[in-house]
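Analysis of the macromolecular model
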Amino acid sequence: MMATGNSHPQTDIRRIEAEAREWFMLRAERPLYAAEQDAFDTWLQQGCNRDAYQQLEQIDRSLAVLAASDEGARLRRPGAFISLLQNLRSYLGVSPLSGLAFACTLMLAVGVVYLAPWQSESDSAYGYASALAQTRQVTLPDGTLVTLGGDSAIETEFGAAARKVKLLRGQAFFAVRKDSSRPFIVRAQGAEVRVIGTRFDVNAGNKMNPAVKVTVEEGIVDVAARPQGQSGATAGSKVRLTAGQQVKVREDQVSRISKVDAAQVAGWRQGKFSYRDAPLAEIVADANRYRKQRIVIGTPELEDLRVTTAFTADQAETLVAMLEQSLPVRVFREPDGRVIIWPGSAED
């Protein structure tokens, strides 16, 4: 993606804008591989490159505000959407004869209208969301990279004293840009994670699996139990994690630290899910963010059934059959496609 050599200034501008578009589209499509991330970080160090890329991000944010408005609802209608697509294509300099470029523009347009960040009342606060079975990567204003798992959402609020993120649902991996003057704080249910610059994963859990899980890939992370509704100093148990460590926060208590393979943290970014002695409720909750038909655990006693398993994102639809073969459960499929797991009979 990088070009070398001297050229006419106007040619340089077009080249930089083209590179910015390529990076923007690629990062919207999937997480970068390690070599790609290194290349992107190097490319971004050049001021002109960074400015071009941030312009695309600003367009993304501005159109998000439009998407959330009444006018945005109008643009979701088929005819108006084509108009928006044409405007985007015109701005991005995409030739109507270029099929690949047109496809990239279409991807951006869909992302802008349906998956773009939403803006709150505060100019410095934004939200980002991913769709079911989608993995999405976004860059926050400070340069922090966030990878959202399927059906996940965050709200961000950056100020002079702190950078705050609320994980509303789902799962997110954070590669935090170091800034010693502004701590980076992630809150999810009753958990608060505080760092300066590091790489870690947070799973917000849900009603079926209420524990918030924090796993560290690199650096140091402070995790505290913060009673719901309290915005002041954290209370209760608090631990410090380093690479390859994990805790769960539930009912205002932090669990004991467990060890994990630091190289395998957030394997879901590559579509891989692995569990060792995990509650069935956790596995089902994760799988439901990558399935069209929801899985429901029929009785509470099954929720804490311990399971060791592994599957890939493209196996999420067949996970139920895998569980039925390996666990003392029976599966019932309802007409609407919903799947219910019940305890198996004595002879199962």
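None of these values were measured; they are calculated from a predicted model. (Residues numbered from 1 in each chain as written. Predicted model: local features only at pLDDT ≥ 70, side-chain atom pairs only at ≥ 80, totals over all residues. Heavy atoms only, no water.)

Time to look at the pairing of strand S21 (residues 339–343). Two strands pair when backbone bridges link them, and strand S18 (residues 295–297) and S21 are joined in this way by three bridges, in the parallel orientation. Bridging across to S21, Ile-297 finds its partner in Ile-341. Two elements, strand S20 (residues 329–333) and S21, share five bridges in a ladder whose sense is antiparallel. From the neighbouring strand, Phe-332 faces S21, where its bridge partner is Ile-340. (Pairing = 2+ DSSP bridges. Helix = DSSP H or I, 4+ residues; strand = E, 2+ residues; numbered from the N terminus.)

Position of Lys-238 relative to the elements: it lies in strand S13 (residues 238–241). Owing to a relative accessible area of 56%, Lys-238 belongs among the exposed residues under this scheme. Sequence separation between Lys-238 and Val-193 is 45 residues, and the spatial gap between their C-alpha atoms is 9.8 Å. Not counting chain neighbours up to four residues away, the residues in contact with Lys-238 comprise Asp-222, Val-223 and Ala-224. (Buried < 20%, exposed > 50% of the residue type's maximum accessible area, 1.4 Å probe, protein only. Contact = heavy atoms within 4.5 Å.)

In the predicted model, the chain carries a mean pLDDT of 79, and the fraction of residues at 70 or more is 73%. Below a pLDDT of 50 lies the segment residues 1–6, which in the model reaches eight contacts outside its immediate sequence neighbourhood of four places, other chains included. Every residue in residues 88–107 is under pLDDT 50, and counting partners more than four places away or in other chains gives 27 contacts. (pLDDT = per-residue confidence, 0-100.)

Here we take up the sheet that holds S21. Here three strands make up an open sheet; going across it, the order is S18-S21-S20 and the pairing mixed. Strands at the two margins of the open sheet, each flanked by one partner only, are S18 and S20. Direction aside, the axes of adjacent strands within the sheet are offset by 25 degrees on average. Packing against the sheet, helix H7 (residues 280–287) makes contact with S18 and S21, and its axis sits at approximately 160 degrees to S18. In the packing of helix H9 (residues 319–326) onto the sheet, the strands contacted are S18, S20 and S21, and the crossing angle to S20 comes to about 150 degrees. (Axes fitted to C-alpha atoms, helices over the stretch in contact; angles between N-to-C directions.)

Further remarks concern the packing of aromatic side chains. For the structure shown, the criterion picks out twelve aromatic pairs. Ring plane angle 25 degrees and centroid distance 6.2 Å describe the contact between Phe-40 and Trp-43, whose orientation is recorded as stacked. You can see Phe-40 and its partner Trp-43 sitting in helix H2 (residues 34–44), three residues apart, about one turn around the helix. What makes Phe-40 buried here is its relative accessible area of 2%. Considering the side-chain rings of Trp-43 and Tyr-53, the 6.4 Å spacing of their centres and the 80 degrees angle between planes classify their relative orientation as edge-to-face. Here the residue Trp-43 occupies a position in helix H2, and Tyr-53 occupies one in helix H3 (residues 47–67), the gap between them amounting to ten residues. Both residues of the pair, Trp-43 and Tyr-53, belong to the buried class. In textbook terms, an aromatic cluster arises when at least three aromatic residues are bridged by ring pairs, as seen for Trp-23, Phe-24, Phe-40, Trp-43 and Tyr-53. Across from the ring centre of Phe-173, 3.7 Å away, lies the NZ or CZ of Arg-269, which sits over that ring. (Phe/Tyr/Trp six-rings, centres within 6.5 Å; stacked < 30°, edge-to-face > 60°. Lys NZ or Arg CZ within 6 Å of the ring centre and 35° of its normal.)

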